[in-house]
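# Notes for the structure review
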Amino acid sequence: MLGKNFKSAFLLTFAVFVIFVSFVFYTNYKKDLQNNSNFENAKIEQQKQENSLKENIVNANNVISSIKSETKIVLCTVDGKYYLSHDKTKKSNAIFEWFMTSKIDLVCDYSICFVVNTDDLEFSVRDGKVWVYYSEDDIYINSLTVHNSVADEITALFGSKYSSYEILALESIIKENIQSSAIKDRGNLNLAEANLILYLNNLADSFGAKIIICEQ
């Protein structure tokens, strides 16, 4: 009877041991499967990131190539009107000056085009992004057009009329004044910079690239 009870206890203990060992092996097996799955997922994720980086680098270089294919970028055109009054009356006493009055008023419309040369922009590709550096000093007036010029001349009895040469000289002064004031106008430069940034962002978007724009 004792031997029978011992045999039953042994079988029960052995069964429990087998179940325990099986559970341990099964648990380790599941853990190994999970580890292998995590490792494979990590490899796949890393490969995706590497492929994405390669694609971003290609897109970034395409943006730079597109920009460099042009010699300059037109930033904005500013239109306006300019007035110039000139008096060449010979100074004498008031009575004689009245008889020798010689004055002219000039008014004209103008258009100014602001640009930046692509050679003045600096580029680099980092972490798959396009980095662009520009300087406000590189923005300049590419063209100035004066049109619809009207001259109103006042010439007294003994006054001398303005010659075509003198009018051309005054028109040259007008252009110099317009250009000088336009390049100093903060509003014009702000508009040109804003359009440069907008242009670069839109171009990058068209290539699916990320861009960072910095002023030097």
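Quick caveat: nothing in here was measured; it's all calculated off a predicted structure.

## Focus: the environment of Asp 138
You can see Asp 138 is positioned in the loop between strand E4 (129-134) and strand E5 (139-155). Residue classification places Asp 138 among the partly exposed positions, given a relative accessible area of 22%. Along the backbone, Asp 138 and Asp 120 are 18 residues apart, and their C-alpha atoms lie at a distance of 6.6 Å. What Asp 138 contacts, discounting residues up to four positions off in sequence, is Val 115, Val 116 and Asp 120.

## Quick look at unusual backbone geometry
We note that Asp 127 has phi near 55°; this positive angle belongs to a residue other than glycine. Here Asp 127 is to be found in the loop between strand E3 (122-126) and E4. The backbone of Asn 148 sits at a positive phi, close to 55°, despite the residue not being glycine. Summarising the element assignment, Asn 148 is placed in strand E5.

## Some words on the environment of Glu 153
You can see Glu 153 is positioned in strand E5. A residue is classified by how much of its surface remains accessible, and Glu 153, at 27% relative accessible area, is partly exposed. Put simply, Glu 153 and Ser 85 are 68 residues apart on the chain and 9.7 Å apart in space, counted from C-alpha to C-alpha. Setting aside anything within four residues of it in sequence, one finds Glu 153 in contact with Lys 103, Ile 104, Ser 160, Lys 161 and Tyr 162. Only 2.6 Å separates the side chain of Glu 153 from the backbone nitrogen of Tyr 162, close enough to count as a polar contact.

## Regarding the sheet that holds strand E2 (residues 102-117)
Here 3 strands make up an open sheet; going across it, the order is E1-E2-E5 and the pairing antiparallel. One side of each edge strand has no neighbouring strand; the edge strands of this open sheet are strand E1 (72-87) and E5. Geometrically, the sheet is characterised by an average inter-axis angle of 10° between neighbouring strands, direction not taken into account. Where helix H4 (residues 186-206) meets the sheet, it contacts E1, E2 and E5, and its direction lies at approximately 165° from that of E1.

## Notes on the pattern of salt bridges
Scanning all chains against the criterion turns up 3 salt bridges. The residue Glu 193 makes a salt bridge to Arg 186 at a minimum N-O spacing of 3.4 Å. Residue Glu 193 is classed as buried on the basis of its relative accessible area, which comes to 10%. Relative accessible area serves as the criterion here: at 40%, Arg 186 is assigned to the partly exposed category. Salt bridges sharing common partners tie together Glu 136, Arg 186 and Glu 193.

Procedures and definitions
The numbering scheme is per chain: residues are counted from 1 as the chain's sequence reads. The predicted origin of the model limits local features to residues at a pLDDT of at least 70 and limits the giving and counting of side-chain atom pairs to 80 or more, whereas totals for whole chains, interfaces and linings rest on all residues. Water and hydrogen atoms play no part in the side-chain values, which are based on all heavy atoms of the structure. Helix and strand definitions here come from DSSP, where helices need a minimum of 4 consecutive H or I residues and strands a minimum of 2 consecutive E residues; each element is numbered from the N-terminal end. Remark: exposure states derive from per-residue accessible area (1.4 Å probe, protein chains only) relative to the maximum for the residue type, with buried under 20%, exposed over 50%, and partly exposed in between. Should any heavy atoms of two residues lie within 4.5 Å, those residues are considered in contact. Side-chain atoms alone can form a polar contact between residues adjacent in sequence; in general such a contact is a pair of N or O atoms within 3.5 Å, and within protein one must be able to donate a hydrogen while the other accepts it. Strand pairing is assigned whenever DSSP identifies at least 2 bridges connecting the two strands. Axis lines are fitted to C-alpha atoms, over the contacting stretch for helices. Their N-to-C directions set the angle, which ranges from 0 to 180 degrees. A pair is scored as a salt bridge if a Lys or Arg side-chain nitrogen falls within 4 Å of a carboxyl oxygen belonging to Asp or Glu.

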